[in-house]
Amino acid sequence: MTTAVGDPERVVEDELDAEYAGVGWWGTLYRAPGRRRWYRLIPVEEVSGEQRAELLAWQTRPRRPDLVPVVREERGEQRQFGDRWFQIVSYETDAGRSLGDVLDDPEPAYRLACVAAALRAFPGWRDGVGPGLVPLPADVVLAGHRPLLLPLPAWGPPSLGELFAAPERLAHLTPEAARGLPPGGRDPGVHALAVAALRCFESLPHGGDPERLMQRTACAGVFGGRRADGRLPVWMRRVRQISAAHEELAAVTGPHGTRPEAAEPDHPTGTHATAQRHLDGLDAPRDTRPGETDPSRHANPHATARKKLNSLDDPRSTRPGEADPARQANPHATARKEPADLHGPRGTRPGEADPARHADAHHTARKERGRFDDPRGTAPGEADPARLADVLDAARHSMDPVATVGSLREAGEPHRALGLAHAALVDRPGYDLLLLAAAIARQDLREPLEALSLLERAVLADPERVEAYEEQLSIVGGLSSAGRVRLSGAGEGSADSFAERLRATATAAFDRLPADRRRDHAHEMASCLIGLGKLTAANAFVHEWLHDGPTLMWWRFDLMIDYAETFLGLGHLDAAGQISEQVRAGLKKVRENGQMARDEIHRHGLRLADFDLALLAARDGETHT
């Protein structure tokens, strides 16, 4: 084919009738969900005869619900694509997406949810595969909402050539492996998933350049914390749970693998600053980097990694990762053999994660309390996948702006809540968030005009919903008395303009309400008109909504008093007095027969008393005149 040299992935896609899905820890993944198949292609020179035998044995292993079954490839276990031969591992699943696809999803909460699910599934995967499992995002597929692993024997890291052929593998490599050091207590699989979690917050820097990624992995962490690399909206960076999750992941995946000390979200633990200092040392034309005590040992981490991993280049002579058996020993077994090295409260070496021993964290904490000094109950560098998943879930829930703004409001911080709402509205101008922000502005901060501005945006966001119209009527109606005070201090032109704007807002809101809900808000509309001095229009409006055909609805005391106020304002004192007597008689009637709640009767009674005082003052003024 013409694409054999220029586009090898396209050659494989055409031959397998499958789609490229990403780079795994070993090999490259392709998917054909319509045929219930995923494929892993590993260059044959990377696989020894013993490893091929292991792959054949996996086809007959008992199936596990959390591992995708390995099945026999009908067209042969080894095939040539273009000018290269590959070992093919075939999996049976109809999953359409991998975790790698999820990391490209624009919704950050969905990204975190999927990575958290993978972290919770990791202990089961490790039980099924063995220690040393390193799942890259493309190695994990999503069947519904459940993550499944495309398994492979735990062969350790691939050859150095394969690592550098795919920068994504370097990004998920542990700092110890990048330096060519023993793994210590850090679980490489948990580390890889923690790096995947960090990719929910930041993009891989420097375009995935292998040399640069190796330097970062070895000395300072892959992610530099630069604002330009951030993938989250600005408002999310101001949320405590989200920034705390980001800092914890950066610390866990950093060169020392330690958990961050407790700190306020606006004051990071300094991980990124430390990383940048290391990188400055890598870039500076100095003989030694900052803090370096042994130039011969640290001068070139890339060369050190190549020296330590050169035995991986010949997969037929030794299995990958077995160049130094003492160094690659099972960390859990080493921890059991060397009790003198146990410093963590759970009896694990620093950085070691053993979810089986974390099943009852409270019991372990009680058992070990008093014997160890770590107040958090976790050894330095230890990464518990379940705990990391909880941290991600807390961050994910905080990515709902309505919930987060509401929490700040309930905590008694309305100014911060409204500020965060405004920041979130730049990214997500949602109707519910606009309603909440308007409620905070009106009820907590006593800023009705700002609330009206937010409600206008809500109306534009979803004209079919009625909540914003109802709130607009309520606010403009509540400005009836306060509005006259404000307008009195303004110039005539600005006062008229402001009054007309309020009237237009109230009228539009009332007209857009469903017909069966307008009667419930007729009093608020009448209050708007009365407060803005539109007494003739208010009188006609109230007359219309007080009558059901020829019947006067005298029990609508709010509208009845509105009606009386319009007559009082127009100078018709006798008509106003007659309506006042009707209201008084009606309140007495409903009080006697119990047809209205006492607090409601009391509210109408107080308003009627205020009206009677105004009417009496008007009559006194008329008499003196």
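Scroll up for the structure.
Residues numbered from 1 in each chain as written. Predicted model: local features only at pLDDT ≥ 70, side-chain atom pairs only at ≥ 80, totals over all residues. Heavy atoms only, no water.

**So, the pattern of salt bridges**
Evaluation of the coordinates by the stated rule reveals 37 salt bridges. Among the ionic pairs, Glu 15 bridges to Arg 79, the shortest N-O distance being 3.7 Å. You can see Glu 15 sitting in helix H2 (residues 8-16) and its partner Arg 79 sitting in strand E5 (residues 78-81), a full 64 residues away along the chain. Classification of Glu 15 by relative accessible area gives partly exposed; the value is 32%. Residue classification places Arg 79 among the buried positions, given a relative accessible area of 14%. What you see here is one network of salt bridges that share partners, running through Glu 45, Arg 84, Glu 162 and Arg 169. (Salt bridge = Lys/Arg side-chain N within 4 Å of Asp/Glu carboxyl O. Helix = DSSP H or I, 4+ residues; strand = E, 2+ residues; numbered from the N terminus. Buried < 20%, exposed > 50% of the residue type's maximum accessible area, 1.4 Å probe, protein only.)

**Quick look at the sheet that holds strand E7 (residues 97-98)**
Read across the sheet, three strands follow the order E7-E8-E9 without closing on themselves; strand pairing throughout is antiparallel. Lying at the two open borders of the sheet, with one neighbouring strand each, are E7 and strand E9 (146-149). The sheet contact formed by strand E8 (residues 140-143) and E9 spans four bridges and is antiparallel. Directly across from Leu 142, in E9, lies its bridge partner Pro 147. Each of E7, E8 and E9 is contacted by helix H5 (residues 108-129), which is oriented at about 40 degrees to E9, the strand it contacts most. (Pairing = 2+ DSSP bridges. Contact = heavy atoms within 4.5 Å. Axes fitted to C-alpha atoms, helices over the stretch in contact; angles between N-to-C directions.)

**With respect to the pairing of strand E6 (residues 84-91)**
In terms of residue burial, E6 counts as a mostly covered element, since six of its eight residues are buried. Pairing of strand E3 (residues 37-43) with E6, which is carried by six bridges, proceeds in the antiparallel orientation. Looking at the pairing, Pro 43 lines up with Phe 86 of E6. Sheet topology note: the strand E4 (residues 70-71)/E6 ladder contains two bridges and is antiparallel. Note on E6: the bridge partner recorded for Val 71 is Ser 90. Sheet topology note: the E5/E6 ladder contains four bridges and is antiparallel. Note on E6: the bridge partner recorded for Gln 80 is Trp 85.

**Looking at unusual backbone geometry**
Located in the positive-phi region is Asp 17, a residue other than glycine, with phi close to 55 degrees. Take Asp 17: it is sitting in the loop between H2 and strand E1 (19-23). If you check the backbone angles, Arg 446 has positive phi at about 55 degrees while not being a glycine. Residue placement: Arg 446 occurs in the loop between helix H20 (431-444) and helix H21 (448-461).

**Some details on the environment of Gln 80**
Of note, Gln 80 is situated in strand E5. A relative accessible area of 41% places Gln 80 in the partly exposed class. Taking the C-alpha atoms as reference points, Gln 80 and Glu 15, 65 residues apart in sequence, are found 9.7 Å from one another. Polar side-chain contacts of Gln 80 include one of 3.2 Å to the backbone oxygen of Gly 82. (Polar contact = N/O pair within 3.5 Å; in protein donor to acceptor, adjacent residues only side chain to side chain.)

**Some points on the packing of H20 against H21**
The interhelical angle for the contact between H20 and H21, taken along N-to-C directions, is 165 degrees, at an axis separation of 8 Å. Taken together, the axis directions place H20 and H21 in an arrangement best described as roughly antiparallel. Crossing of H20 over H21 shows left-handed handedness. On the side of H20, the interface is formed by Tyr 431, Leu 434, Leu 435, Ala 437, Ala 438, Ala 441 and Arg 442, while H21 contributes Glu 450, Ala 451, Leu 454, Leu 455, Arg 457, Ala 458 and Ala 461. (Parallel < 35°, antiparallel > 145°, perpendicular 65-115°, else oblique. Left-handed = near helix turned anticlockwise from the far one by under 90°.)

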